[in-house]
Amino acid sequence: MFLVIFLTFIVVYLFYQFYWKRRCFPPGPLPLPLIGNLYLMNNDVKPGYALWSNLSKIYGPVYTFWMAHMPMIVITDWKLLKQHVIKDGNTFAGRPSFPISVEIRKGSYRVVESFGDRWVQQRRFALHILRDFGLGKNLMEEKIIGEMISMRDQIRARKNEPIDMMYLFDTAVGSIINVFLFGYRYDETNIEEFQILKERMTKHFKIAAEPIGGIIGMYPWAGKLPFLKKHKQVIVDNWGGLMKMFRKQAEEKMRTIDYDNDEYSDYVEAFLKERKKHEHEPNFGGFEMEQLDSVCFDLWVAGMETTSNTLYWAFLYVMLNPEVREKIYEELDREIGSDRIITTSDKSNLNYINATINESQRMANLLPMNVIHQSTSDTTINGYFIPKGTGIIPQISAVLYDEQIFPNASKFNPDRFLENGQLLKIEELCPFSIGKRQCLGEGLARMELFIFFANLFNQFDISLDSSNPNPSTQKEYGVTVKAPNFKTIMKSRH
Ligand code: HEM
């Protein structure tokens, strides 16, 4: 009798697992119990582009990938992305709530991870402060130029010795976001704080990008299993440590803040003043301290590593393509012709540099897997019915490497963005993603990329260090991909 019940249970379970739960979704690889399709994220397909494009070849431009027990609809075709994620933006503006977030963060705070009214409110607030703080008033540009000058001086002081630019990019870009958040930059007096923050973030995201992180994210109980315990502990410890660091900063600010004055000099101060206005509402009207800690995390991590990594990739690609390097110097000599500081007002005269930055972003293709969205109402994609609340991955990495859109896509070729010397606007170039969730820091990031890139090339004759004349372009796996380390010689040009 027991055997019959057991076998019936197994048959029903297998029927459900392999047929019933999948019947309404677009086709896709076979999900296994508990882990879904996470088993496919193995070393052979890291950092991930090959996985998504291979599946697309088998199942078409819309398919289902099971992230443990959650179905995710992957869209890899630009026309479909435009038709749905851009033109029907509200339907794709949700974010799934991950059980681990609810457990360790006590809710879906942040901007990246929040949804609904909280997301609308917090995204609008962050954008407002970003604009007010500088993107509209040149203040931000001044800060970026200040960091660029500090970097230039540090490079000069090294007197032509080989330099790994990663550290300089990290600290400069980290300082810019830190000034925006907390009002101070990094220098020799507090560089240790920067290093701790960066180390914690790196560890956090290394695990988050692994299948193991996916399993712990979906099933927090799995973190109690002996072989997963230490991995979950890393996530919990890093998150807790980061939140403590951010909270300490906010508390210090609270000691001196003048609530009678509406002006603010950084994001934390602006947030605390807004919080004060909502102090009689439940949960401070969404301006809880947990929300502040979490947004600091979002802006710090989203604002630092992405931009710094892109600059590093841009340097690497240019170094490996001497003809591109020569065209950059030709343009700088023709359009600038001195060691003066290049500002955003020069941007429209430096088409080749703009094209090189575009091509670097395309080739770097920073997020092999885009951040997951969620449908906010029932919808239909390519003939498939997708119910409200389903995970959606607008796979921009597939678009950036799409041969139909960018022929010979693996070749670094800035000229693809130029016609008769004029910069082309190619809408499929979407490294900042698309739709309502498009990157909140795009304006800041674009300004940083242009000012650092254009000025560093204008100031220095940059070449590869002869000890490693052919650095690899193999991408290091993570939520955003990193270039392997390499060194350059930077000689003053003027
Ligand atoms: C080269 C630099 C950058 C790249 C390539 C980049 C790329 C992205 C991508 C692909 C997304 C996911 C959008 C989606 O869900 O579809 C995103 C979201 C986001 N980015 Fe960026 N980003 C960069 C710089 C920045 C900077 C400097 C900041 C902060 C000031 C920032 C803040 C954010 C935030 C807060 C989100 C979440 C938006 C939301 O969920 O509403 N990013 N970014």
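Note that this is a predicted model, so its numbers are computed, not measured.

Caption draft 1: Layout of the coordination of the iron atom of the ligand. Of all protein atoms, just one serves as a donor to the iron atom of the ligand, and that atom is Cys 439 (SG), at 2.3 Å. Looking at the element boundaries, Cys 439 is found in the loop between strand E8 (422-423) and helix H16 (442-459).

Caption draft 2: The arrangement of a nonpolar patch on the surface in detail. On the surface, a cluster of nonpolar side chains totalling about 810 Å² of accessible area is made up of Phe 2, Leu 3, Phe 6, Leu 7, Phe 9, Ile 10, Tyr 13 and Leu 14. Judged by its relative accessible area of 52%, Phe 9 falls in the exposed class.

Caption draft 3: View of the side chain of Glu 274. Looking at the secondary structure, you find Glu 274 in helix H11 (residues 267-277). Separated by 3.1 Å, the side chains of Glu 274 and His 278 make a polar contact. Leave out the neighbours within four places in its chain, and Glu 274 touches Phe 125 and Phe 287.

Caption draft 4: Broad picture of the site of the ligand. In the vicinity of the ligand there are 26 residues, among which Arg 95, Arg 123, His 373, Ser 433 and Cys 439 approach most closely. The contact in question runs from an oxygen atom of the ligand to an N or O atom on the side chain of Trp 119, over 2.8 Å. Between an oxygen atom of the ligand and a side-chain N or O atom of Arg 437, the distance comes to 2.9 Å. Looking at the shell around the ligand residue by residue, the class counts come to 14 nonpolar, 9 polar and 3 charged.

Caption draft 5: Geometry of the side chain of Thr 480. Relative to the helices and strands, Thr 480 resides in the loop between strand E9 (460-464) and strand E10 (488-492). Once residues within four sequence positions are removed from consideration, Thr 480 is found in contact with Glu 305, Thr 306, Asn 309, Leu 366 and Leu 367.

Caption draft 6: Region of the structure containing unusual backbone geometry. With omega at 5°, the peptide bond leading from Lys 46 into Pro 47 counts as cis. The residue Pro 47 is located in the loop between helix H1 (2-18) and helix H2 (49-59) in this model. Despite not being glycine, Asn 382 shows a phi value in the positive range, around 50°. Among the secondary structure elements, Asn 382 is positioned in the loop between strand E4 (379-381) and strand E5 (384-386).

Caption draft 7: Looking closely at the pattern of salt bridges. Evaluated as defined, the whole model comprises 22 salt bridges. Here Glu 305 ties to Lys 198 by a salt bridge, and the two come within 3.1 Å at their closest N and O atoms. One end of the pair, Glu 305, is in helix H12 (residues 289-319); the other, Lys 198, is in helix H8 (residues 191-208), and 107 residues separate them in sequence. Residue classification places Glu 305 among the buried positions, given a relative accessible area of 15%. A salt bridge links Arg 325 to Glu 326; its shortest N-O distance comes to 2.6 Å. Judged by its relative accessible area of 15%, Arg 325 is buried.

What counts and how
- Residues numbered from 1 in each chain as written.
- Predicted model: local features only at pLDDT ≥ 70, side-chain atom pairs only at ≥ 80, totals over all residues.
- Heavy atoms only, no water.
- Donors = N, O, S within 2.8 Å, 3.2 Å for Na, K, Ca; no water.
- Helix = DSSP H or I, 4+ residues; strand = E, 2+ residues; numbered from the N terminus.
- Patch = residues over 30% accessible without salt bridge, like charges linked within 9 Å, V, L, I, M, F, W, Y side chains within 5 Å.
- Areas by Shrake-Rupley, 256 points an atom, 1.4 Å probe, with all protein chains shown as cover.
- Salt bridge = Lys/Arg side-chain N within 4 Å of Asp/Glu carboxyl O.
- Buried < 20%, exposed > 50% of the residue type's maximum accessible area, 1.4 Å probe, protein only.
- Polar contact = N/O pair within 3.5 Å; in protein donor to acceptor, adjacent residues only side chain to side chain.
- Contact = heavy atoms within 4.5 Å.
- Near = heavy atom within 4 Å.
- Nonpolar A, V, L, I, M, F, W, Y, C, P; charged D, E, K, R; others polar.

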